[in-house]
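Spelled out, the chains give:
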Amino acid sequence: HHKMGDYRQAESYFLEALSLFEHHHGDDQLAYASCLNNLSNLYQDMGNLDKAETGHLRIRDIRAQILGEDHPSYAKTLDNLAGLALEKGQLHEAKKLAHQAYIIFLEAYDTLHPVISSSLQNLGNLHIALGQPDQAEDYYMRAQALEEKLFGREHYRYADVLTNLGNLYFNRKAYARADSMYTQVLRIRRAALGTDHPDYIAALGTLAHIRWRIGDTLGAEKLYAEFAPRHRKLLARSVWHLTEKELHQYLPLFEEKLDELNSLASLRSNPTLTKMSYDNALFHKGFVLGAVNQIQHLTRHHPEATALLHQLRSVRRRLAGIYATPIALQEDPAPFEAEADALEKQLVVLVGESEHSLRDVRWKEVRAHLKPHEAALEFIHFSHPAAEEEKSIQYGVLLLTSVSEHPVFIPLFDERALEHLHAPGTERKSDYVNNLYAHADRSMVSLGNRKKTLYELIWAHVQPHLSADITTLYYSSSGILHRLNPGAIALDDENILSDRYRLVALNSTRQLVDPMGQTFIGREAVLVGGVDFNGKETFPDDSLLLASRAATESWAYLKWTHQEVQRIASTLTASGFNTVQYAGAEAKEEALKSIGFSELSPRILHIATHGFFFPDPKSNNVGPGTEEAGYVFKSSDNPMIRSGLILAGGNYAWQHGQAQSPEQDDGILTAYEISQMNLSNTELVVLSACETGLGDIQGNEGVFGLQRAFKIAGARYLMMSLWQVPDRETMAFMTTFYRHWLEAEDSNHGGKGMTIPDAFRKTQREMRDRFYNPYAWGAFVLVE
């Protein structure tokens, strides 16, 4: 099953075999090591390098103990570890392991053994990474001769060494020779492995790129046309056996090919390419998030799966507590991470047994759901490899109307034009924001080149493609566009984009075909505001385990948030809602995490407090031993830990790295913890806090932070902010929004009022008339 590319069945069999070997013979025998070797090789093909490395290290120890360090089986493990080190960029370690393995192989076997060929190819790959292509070619040619003698020129192993040669020639820009290699690879793999095998699909994409490079655009288009649907089918199958983490590791294996297709589409106004680009965007955007949500939806109708989900959330809540503890005091998370991974794997496989499939929505279906006055804008970003110089990140948009013969690809800008937005956590000053959203003739002017406005970067390119009768725009953001509010873009000195169009933000325009279709029960609302971040309790000095490293940074009280939630509560009560308010020291983390636990979640969840997000520590200069406040939240590798909300008593944990007492939570509700909540009955979450819309932007998955957390938890609409807004202006925005939304024709019976998106748009217009500058009103965005 592994050789056939059926990774789901292969993993299932390997895991069962491993369990049997361990049960009958223990986990320190050669048979166990051989089975673990199969599983580890599978994980490497799935992109899960950490699991693969853990397995091969264990195999190395077993084989060294039983066989000794001069045995060829031990050397094979060294060779596998060398390949993994190379993939991780650990060149020194890879070189040491690969040469050590090769010497053992030469002493143990004659020169015609297949393991010699594998070792030669590993050495070739290593020398490519070291910038020594001539040495690499010598290793590859020797391996090619071996494979031909051992297996012939039609075996899939022979195709593997041709792949390495093809990559070598491609890197040398010897595209004709690379084309010859990959043409043979494709023919061999089609015959030996079939057209649905991952290796065949990968070769399709690479050969398509080679054809593009040599100027055969028609040949490239034909190959991409076969590659695109096959790779989507392959990924769709992966949902039912890979965990969320494994999916994130698997997707990058295909991203480069998608970038190449989009790059070609941006250079050629070709309907075939734009159709493929749109279909791929519909499938890939939020792919993992969609998979997670679908699994959770299926779980609700599966009693056994529901029990597993409860277990999984329990373990993850334990993990959240560990992750929030300073490193010096942390309990080892590894056993709990392993338990969580195992439970998630069981859950995914269990709900996937009924052979569900992810819907592969196509552009024609989106077009069929558009009315004559509507248009869909699917923004994309991609690495542009066409130029010889350093790759750049380009942005474009695929435009579709109800009468489009095909999507239109509109190139937009280079990401470097918005470098300020690309650095999360950078303070967004009012002058910068106001000039960025201004019309061109009112934009910021510098002594050097004038910085372009969003109108010039985006809308000036889109506007010519829209007819005068278009009044509604459905749009899906991508990359750093998630940090922008398109509705605030100035069209001239008096009008903005949301004056001209009804704008509807979607995760993907796929939602026009597959809407959420949720039904919300009850009229309950939970509101949080006026939070006491210090808490009421005091503690003796000897209880401060990290007092010597406590920082002075703290979160200030937001006095207007108490008035905000009181006014909103009055508006909601008048419209027939039952409201629960948490304020002061009662606005505890425990109160929020209990929502949806034993009963349906409220229709409305409004949280007025501080929010935080910190960028990747590798780019944030957060090093070991820092005494910064909130260090553990700034230094985590997980973006869902580096984003969260501050609740009652949160200052203590922020400064000292622990809760005020062992009996209570720390008052810092991370995005990771929010993602474990059940908000499937919540129609609207409002995050009335600073920069709650920010987070790590990862490929086609969008923003990793509070936004993603609440989507995973199940909320329908999410209102959040993109930059710091003064709390008084925030209060005005929020109270105005609720008044419009709940405004009823018959106040005694609640009426139907406005839809949430319409109320949001009306509020923005009023706030703009009141404050004018975008900085005061444009930070808030609504996402469905």
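Residues numbered from 1 in each chain as written. Predicted model: local features only at pLDDT ≥ 70, side-chain atom pairs only at ≥ 80, totals over all residues. Heavy atoms only, no water.

(A) Structural view of the overall build of the chain. Helices and strands together make up the secondary structure of the chain, namely 32 helices and 16 strands. Partitioning the contacts of the chain with sequence separation of at least 6, the portion at a separation of at least 24 is 73%. Here the chain has roughly 33300 Å² of accessible surface; of this, 50% comes from carbon and sulfur atoms. (Helix = DSSP H or I, 4+ residues; strand = E, 2+ residues; numbered from the N terminus. Contact = heavy atoms within 4.5 Å. Areas by Shrake-Rupley, 256 points an atom, 1.4 Å probe, with all protein chains shown as cover.)

(B) Spatial organisation of helix H30 (residues 727-742). Taking 1.5 Å as the rise per residue, H30 with 16 residues should run 22 Å; its terminal C-alpha atoms sit 22 Å apart, in good agreement. H30 sits mainly inside the fold: 12 of its 16 residues count as buried. Among all positions of H30, only Thr730, Met731, Ala732, Phe733, Met734, Thr735, Thr736, Phe737, Tyr738, His740, Trp741 and Leu742 are buried. (Expected span 1.5 Å × (residues − 1). Buried < 20%, exposed > 50% of the residue type's maximum accessible area, 1.4 Å probe, protein only.)

(C) A look at the nonpolar core. Of all hydrophobic cores here, the largest spans 232 residues; its most connected members are Ile458, Phe710 and Tyr738. No other element matches the 9 residues that helix H16 (residues 303-323) contributes to this core. Residues in contact with Ile458, not counting those within four places in the same chain, are Phe379, Leu412, Phe413, Leu481 and Leu484. (Core = buried A, V, L, I, M, F, W, Y, C linked by side-chain atoms within 4.5 Å.)

(D) Main features of the confidence of the model for the chain. Put simply, the chain has an average pLDDT of 84, and 88% of its residues get 70 or more. Scored below 50 in pLDDT, residues 537-551 shows 27 contacts in the model against residues more than four places distant or in partner chains. (pLDDT = per-residue confidence, 0-100.)

(E) Summary view of the side chain of Ser601. Along the chain, the position of Ser601 falls in the loop between helix H24 (589-593) and strand S8 (604-607). Accessibility expressed as a relative area gives 4% for Ser601, which makes it buried. Ignoring sequence-local partners within four residues, the contact set of Ser601 consists of Ile595, Gly596, Asn678, Leu679, Ser680, Asn681 and Thr682.

(F) Structural view of the sheet that holds strand S15 (residues 717-721). If you trace the 6 strands from one edge of the open sheet to the other, you get S7-S6-S8-S12-S15-S16, paired in mixed fashion. Here the strands that pair on one side only, and so sit at the sheet edges, are strand S7 (578-584) and strand S16 (780-783). Geometrically, the sheet is characterised by an average inter-axis angle of 10 degrees between neighbouring strands, direction not taken into account. Across 6 bridges, strand S6 (residues 524-531) lies against S7 in parallel orientation. The partner of Ala525 across the bridge, within S7, is Thr579. Running at roughly 160 degrees to S6, helix H23 (residues 559-574) makes contact with S6, S7 and S8 of the sheet. (Pairing = 2+ DSSP bridges. Axes fitted to C-alpha atoms, helices over the stretch in contact; angles between N-to-C directions.)

(G) Expanded view of the packing of aromatic side chains. All chains considered together, the criterion is met by 19 aromatic pairs. Ring geometry for Tyr395 against Phe413: centres 4.8 Å apart, planes inclined by 5 degrees, an arrangement best described as stacked. Remark: Phe413 occurs in strand S3 (residues 408-414) and Tyr395 occurs in strand S2 (residues 392-401); sequence separation between them is 18 residues. Tyr395 gets classed as buried once you look at its relative accessible area, which sits at 2%. Overall, the relative accessible area of 5% leaves Phe413 in the buried class. Consider the rings of Tyr738 and Trp741, whose centres lie 6.4 Å apart with planes at 45 degrees: the pair is tilted. Of this pair, Tyr738 and Trp741 both sit in helix H30, 3 residues apart, roughly one helical turn. Three or more aromatic residues joined by ring pairs form one cluster here, namely Trp555, Phe612, Phe614, Phe633 and Trp654. Geometry around Tyr169 places Arg177 over its ring, the cationic atom sitting 4.1 Å from the centre. The ring centre of Tyr501 lies 4.4 Å from the NZ or CZ of Arg500, which sits over that ring. (Phe/Tyr/Trp six-rings, centres within 6.5 Å; stacked < 30°, edge-to-face > 60°. Lys NZ or Arg CZ within 6 Å of the ring centre and 35° of its normal.)

(H) Structural context of the sheet that holds strand S10 (residues 643-646). Ordered in space as S9-S10-S11, the 3 strands form an open sheet in which the pairing is antiparallel. Two strands in the sheet have a free side with no partner beyond their single neighbour: strand S9 (611-613) and strand S11 (668-670). Adjacent strand axes in the sheet meet at a mean angle of 25 degrees, parallel and antiparallel pairs treated alike. Pairing of S9 with S10, which is carried by 3 bridges, proceeds in the antiparallel orientation. Its bridge partner lying in S10, Phe613 is registered against Ser643.

(I) Focus on the environment of Glu729. Inspection of the secondary structure puts Glu729 in helix H30. It is 7.6 Å that separates the C-alpha atoms of Glu729 and Trp777, two residues lying 48 residues apart in sequence. When sequence neighbours within four positions are dropped, the list of residues in contact with Glu729 reads Met767, Phe771 and Ala776.

(J) Seen up close, unusual backbone geometry. In the Ramachandran plot, Lys173 falls in the positive-phi region, its phi being about 65 degrees despite a non-glycine side chain. Along the chain, Lys173 falls in the loop between helix H8 (156-171) and helix H9 (175-193). The class of Lys173 is partly exposed, set by a relative accessible area of 49%.

(K) Layout of the packing of helix H11 (residues 217-238) against helix H14 (residues 271-284). Packing of H11 against H14 brings their axes to within 10 Å, and their N-to-C directions diverge by 10 degrees. What the angle tells us is that H11 and H14 run roughly parallel. The handedness of the crossing between H11 and H14 is left-handed. Contacts between H11 and H14 involve Glu221, Tyr224, Ala225, Ala228, His231, Arg232, Leu235 and Ala236 on the former and, on the latter, Leu273, Met276, Asp279, Asn280, Phe283 and His284. Grouping the constituent residues of the contact of H11 with H14 by class yields 8 nonpolar, 3 polar and 3 charged. (Parallel < 35°, antiparallel > 145°, perpendicular 65-115°, else oblique. Left-handed = near helix turned anticlockwise from the far one by under 90°. Nonpolar A, V, L, I, M, F, W, Y, C, P; charged D, E, K, R; others polar.)

(L) Region of the structure containing the pattern of salt bridges. Counted under the stated rule, the structure contains 31 salt bridges. A salt bridge links Lys345 to Glu11, with the shortest nitrogen-to-oxygen separation between them at 2.9 Å. Placement of Lys345 in helix H17 (residues 334-352) and of Glu11 in helix H1 (residues 7-25) is noted, with a sequence separation of 334 residues between them. Given a relative accessible area of 11%, Lys345 falls into the buried group. When its relative accessible area of 2% is taken as the criterion, Glu11 is described as buried. The salt bridge partner of Asp179 is Arg211, with a shortest N-O separation of 2.5 Å. (Salt bridge = Lys/Arg side-chain N within 4 Å of Asp/Glu carboxyl O.)

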